[in-house]
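Working through the structure, step by step
Listed below are the residues making up each chain.
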Amino acid sequence: VACAWSLGDQVERVRIDDHRQAGAERSLELAATPDVGPESRADRNDRGACEDRGKIAGRARRGAHQLRSLGEAYLASGDDATALDRFERALASARELRDEHWQAYALEDIGTVHLRRGDWEKATAFLSQSLELYQRIQDPRAEARTVASLGEARRLAGKRQQARDAFERALSLSRASEDRL
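Read on for an overview of the structure. (Residues numbered from 1 in each chain as written. Predicted model: local features only at pLDDT ≥ 70, side-chain atom pairs only at ≥ 80, totals over all residues. Heavy atoms only, no water.)

**A closer look at the overall build of the protein**
Our working rule: The secondary structure listing takes helices from DSSP runs of H or I that are at least 4 residues long and strands from runs of E that are at least 2 residues long, numbered from the N terminus. Residue burial is assigned from relative accessible area. The probe radius is 1.4 Å, only protein chains are included, and a residue is buried under 20% of its type maximum, exposed over 50%, and partly exposed in between. We call two residues in contact when some of their heavy atoms are within 4.5 Å. Computed with a 1.4 Å probe, the accessible areas rest on the Shrake-Rupley method; for each residue, only the protein chains presented here act as cover.
When helices and strands are tallied, the protein shows seven helices and zero strands. Its helices and strands taken in sequence order, the protein reads α-α-α-α-α-α-α from the N to the C terminus. Within the span of the protein, comprising 181 residues, buried residues form 37% of the whole. A separation of at least 24 residues holds for 51% of the contacts in the protein among residues at least 6 apart in sequence. Working note: accessible area of the protein is about 10,800 Å², and carbon and sulfur atoms make up 48% of it.

Next up, the structure:
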């Protein structure tokens, strides 16, 4: 089973070891299963391969989550450069996984770092990408949070009316998401 997910050397080694173990377990399972028909072993092998890929994807998602958590810790400690690196790595992992929710989180985090650094244009670009994903996956709370961050970027850039509009929209989205609960 070819799986192209990697999150760094350590996780990659674990993935390879886990994959080998899963392959050995799958071989033992197939050897112990009676052959019902000419395609039955192949069908079971395909199902097992999908289960193995699912396990690996779960580990990769946890790795992306861990990278994001590390980024948040570095951001809280004031190490913006390392935080940015971890968020960018989390974004790359989320893209490999094609996980739009984790992509949106990572894009929002990268935008937040640029916001802290005073680079309003980059912050706006990343936050806007995040907002598009949150809208597509219909996460109104995250959408409200991101719109508020965009409002902050516009406020700091001196665009008062755009900032006010964004803050009002964020408040409206937040209230609407609370009504859904």
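Moving on from the model shown.
**Observations concerning the environment of Asp 119**
Let me state the cut-off plainly: Polar contact is the term for a pair of N or O atoms within 3.5 Å; when the atoms are in protein, one must be able to donate a hydrogen and the other to accept it, and sequence-neighboring residues count only if both atoms are side-chain atoms.
Considering the arrangement of structural elements, one finds Asp 119 in the loop between helix 4 (100–117) and helix 5 (120–137). Residue classification places Asp 119 among the partly exposed residues on the basis of a relative accessible area of 29%. Separated by 37 residues in the primary sequence, Asp 119 and Leu 156 place their C-alpha atoms 9.7 Å from one another. A polar contact is formed between the side chain of Asp 119 and the backbone nitrogen of Lys 122, at a distance of 3.3 Å.

**What about the pattern of salt bridges?**
Where charged atoms from two side chains of opposite charge come close, those side chains can pair. Our working definition: The salt bridge definition used is simple: a Lys or Arg side-chain nitrogen within 4 Å of an Asp or Glu carboxyl oxygen.
The final tally for this structure, using the stated rule, is nine salt bridges. One salt bridge connects Asp 85 with Arg 86, and the closest N-O pair in it is separated by 2.5 Å. Of the charged contacts in the structure, one is a salt bridge between Glu 108 and Arg 145, with a shortest N-O distance of 2.7 Å. With Glu 108 in helix 4 and Arg 145 in helix 6 (residues 140–156), the pair connects residues that are 37 residues apart, well separated along the chain. The exposure class of Glu 108 is buried, given its relative accessible area of 6%. One network of salt bridges, in which partners are shared, links Arg 68, Glu 72 and Asp 109.

**Section: helix 6**
Within an α-helix, residues lying three or four positions from one another point in the same direction, as the helix has 3.6 residues per turn. Cut-off, in case you're wondering: A helix's residues, less one, multiplied by 1.5 Å, set its expected span.
Look at helix 6: 24 Å from first C-alpha to last across 17 residues, which is about the 24 Å you get at 1.5 Å a residue. Every buried residue of helix 6 is accounted for by Pro 140, Ala 142, Glu 143, Ala 144, Thr 146, Val 147, Ser 149, Leu 150, Gly 151 and Ala 153. Phi turns positive one or two residues past the end of helix 6, at Gly 158, with a value near 85 degrees.

**Brief notes about the nonpolar core**
What counts, and what does not: Nine residue types can take part in a nonpolar core, namely buried Ala, Val, Leu, Ile, Met, Phe, Trp, Tyr and Cys, and a core is a set of them joined through side-chain atoms within 4.5 Å.
Residues Leu 75, Phe 87, Leu 91, Ile 110 and Val 113 are the most contacted members of the largest nonpolar core, which totals 15 residues. Counting residues per element, the ones that place at least two in this core are helix 2 (40–77), helix 3 (80–97), helix 4 and helix 5. With residues up to four places along the chain from it excluded, the contact list for Leu 75 reads Asp 80, Ala 83, Phe 87, Thr 112, Val 113 and Arg 116. In terms of nonpolar packing, the next biggest core, distinct from the first, is built from eleven residues, Leu 115, Ala 123, Leu 127 and Leu 131 among them.

**Observations regarding helix 5**
Worth spelling out the cut-off: Directions pointing from the helix axis toward each C-beta atom define the arc.
For helix 5, with 18 residues, the first-to-last C-alpha span of 25 Å sits near the 26 Å given by 1.5 Å per residue. Of all the positions in helix 5, only Ala 123, Leu 127, Ser 130, Leu 131, Leu 133 and Tyr 134 are classed as buried. Down the axis of helix 5, the sector holding all buried residues measures 165 degrees, keeping them to one side. Among the exposed residues of helix 5, those oriented more than 90 degrees off its buried face are Glu 121, Glu 132 and Arg 136.

**With respect to the packing of helix 4 against helix 6**
The following threshold applies: Angles run from 0 to 180 degrees between N-to-C directions of axes, and those axes are lines fitted to C-alpha atoms, restricted for helices to the stretch in contact. Between 65 and 115 degrees an angle is taken as roughly perpendicular, under 35 as roughly parallel, over 145 as roughly antiparallel, and anywhere else as oblique. By convention the crossing between two helices is left-handed if the near helix lies anticlockwise of the far one by an angle smaller than a right angle, and right-handed if it lies clockwise.
Where helix 4 meets helix 6, the axes come as close as 11 Å, and the angle between the chain directions of the two elements is 20 degrees. One element, helix 4, and the other, helix 6, form an angle in the roughly parallel class. In terms of crossing hand, the pair formed by helix 4 and helix 6 is left-handed. Residue-level contacts link Tyr 105, Glu 108 and Leu 115 of helix 4 to Arg 145, Thr 146, Ser 149, Glu 152, Ala 153 and Leu 156 of helix 6.

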